[in-house]
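# Notes for the structure review
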Amino acid sequence: ADLIIRTVSLRTGNYLVFFPSFAFRDLVVSRFPPGAYRCLLQTPAMRTEAVLRQLRNNRDETLLLCGVQGGVFAEGVDYPGHLAIGAFVVGPGLPMVSPERKLLEAYYETLDGTGKGFDLAYVTPGVVRAVQAGGRVIRSETDRGFVMLIGRRFGYKLYRSKLPEFWSQELVE
């Protein structure tokens, strides 16, 4: 929470903050100190147009669109120009453990004998969600912004190897 708020205090504008779950988002947002910013919280099945209108019309304040990886704001919407000047991706959005996911992990474990069940069932989809979320900021050659990956796992070889090469080169641990 502190890292996000210190960063957005440097420049007024629209920021995207994507979390692995609504529960984790709510926990972190509850720790944001009072300040010169406003949070827009994604809700399940939320329509995008009203939020995009607020981002489009914003010229004077700092707005943080706080959503979830894998959700509509992290994968289905582009934010060209001033609609987003930065994105924070908090941890890789690993899928929840479920009986179906455990079956998938077991299947991948036996598929080629390499023992990559956890990697293929959890890590790969989690990193793909993180990359999708971060990729919302820079969609063309003229867009400018930053992507901040927050979390130790992004530095682990298993996770880092799945990031785009140019992201991996810029990682600071």
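Preceding this section is the structure that the text describes.
These figures come from a predicted structure and were not determined experimentally. (Residues numbered from 1 in each chain as written. Predicted model: local features only at pLDDT ≥ 70, side-chain atom pairs only at ≥ 80, totals over all residues. Heavy atoms only, no water.)

### Some words on the sheet that holds strand S1 (residues 14-19)
For clarity, the threshold we go by: In this analysis, strands are considered paired if DSSP registers two or more bridges between them. Strands are runs of DSSP state E lasting at least two residues, helices are runs of H or I lasting at least four, and both sets are numbered from the N terminus onward. Here, axes are lines fitted to C-alpha atoms. For helices the fit covers the stretch in contact, and angles between N-to-C directions go from 0 to 180 degrees. Contact definition: two residues touch when any of their heavy atoms are within 4.5 Å.
Read from one edge of the open sheet, five strands run S2-S3-S1-S4-S5, paired in parallel fashion. A strand with exactly one partner marks an edge of an open sheet, and here the two such strands are strand S2 (38-41) and strand S5 (146-150). Sheet twist, expressed as the average angle between the axes of neighbouring strands with direction ignored, equals 20°. Sheet topology note: the S1/strand S3 (residues 63-68) ladder contains six bridges and is parallel. Across the sheet, residue Val 17 finds its bridge partner in S3, namely Cys 66. Across the sheet, helix H6 (residues 117-134) touches S1, strand S4 (86-90) and S5, and the angle it forms with S4 is around 165°.

### Focus on the layout of surface pockets
By rolling a water-sized probe across the atoms, one finds the places where empty space is left. This is how the line gets drawn: Cavities and pockets were defined on a 1 Å grid built from protein atoms only: a cavity is a group of points that admits a 1.4 Å probe but offers it no way out, a pocket is an open group of points flanked by protein on both sides within 12 Å along at least five of seven lines, and a lining residue is one with an atom within 4 Å of any such point. Grid points are joined across faces, edges and corners, and a volume is the space filled by probe spheres set on the points. Side-chain classes are defined by residue name, with Ala, Val, Leu, Ile, Met, Phe, Trp, Tyr, Cys and Pro counting as nonpolar, Asp, Glu, Lys and Arg as charged, and the others, Gly among them, as polar.
Here the largest pocket is characterised by a volume of approximately 490 Å³. Along the walls of the largest pocket sit 21 residues, with Val 147, Met 148, Leu 149, Trp 167 and Leu 171 positioned nearest its centre. Counting residues per element, the ones that place at least two in the lining of the largest pocket are H6, S5 and helix H8 (165-170). Of all the elements, S5 adds the most residues to the lining of the largest pocket, at four residues. Of the residues assigned to the lining of the largest pocket, the class counts are 13 nonpolar, five polar and three charged.

### Quick notes on unusual backbone geometry
Phi is positive for Ala 45, close to 65°, though the residue is something other than glycine. Checked against the element boundaries, Ala 45 lands in the loop between S2 and helix H3 (49-57).

### Here we look at the side chain of Glu 105
To be explicit about the condition: When accessible area is computed with a 1.4 Å probe and restricted to protein chains, residues below 20% of their type maximum are described as buried, those above 50% as exposed, and intermediate ones as partly exposed.
Residue placement: Glu 105 occurs in helix H5 (residues 99-111). A relative accessible area of 15% places Glu 105 in the buried class. In this view, Glu 105 contacts Gly 117, Phe 118, Ala 121 and Tyr 122; residues no more than four positions away in its chain are not counted.

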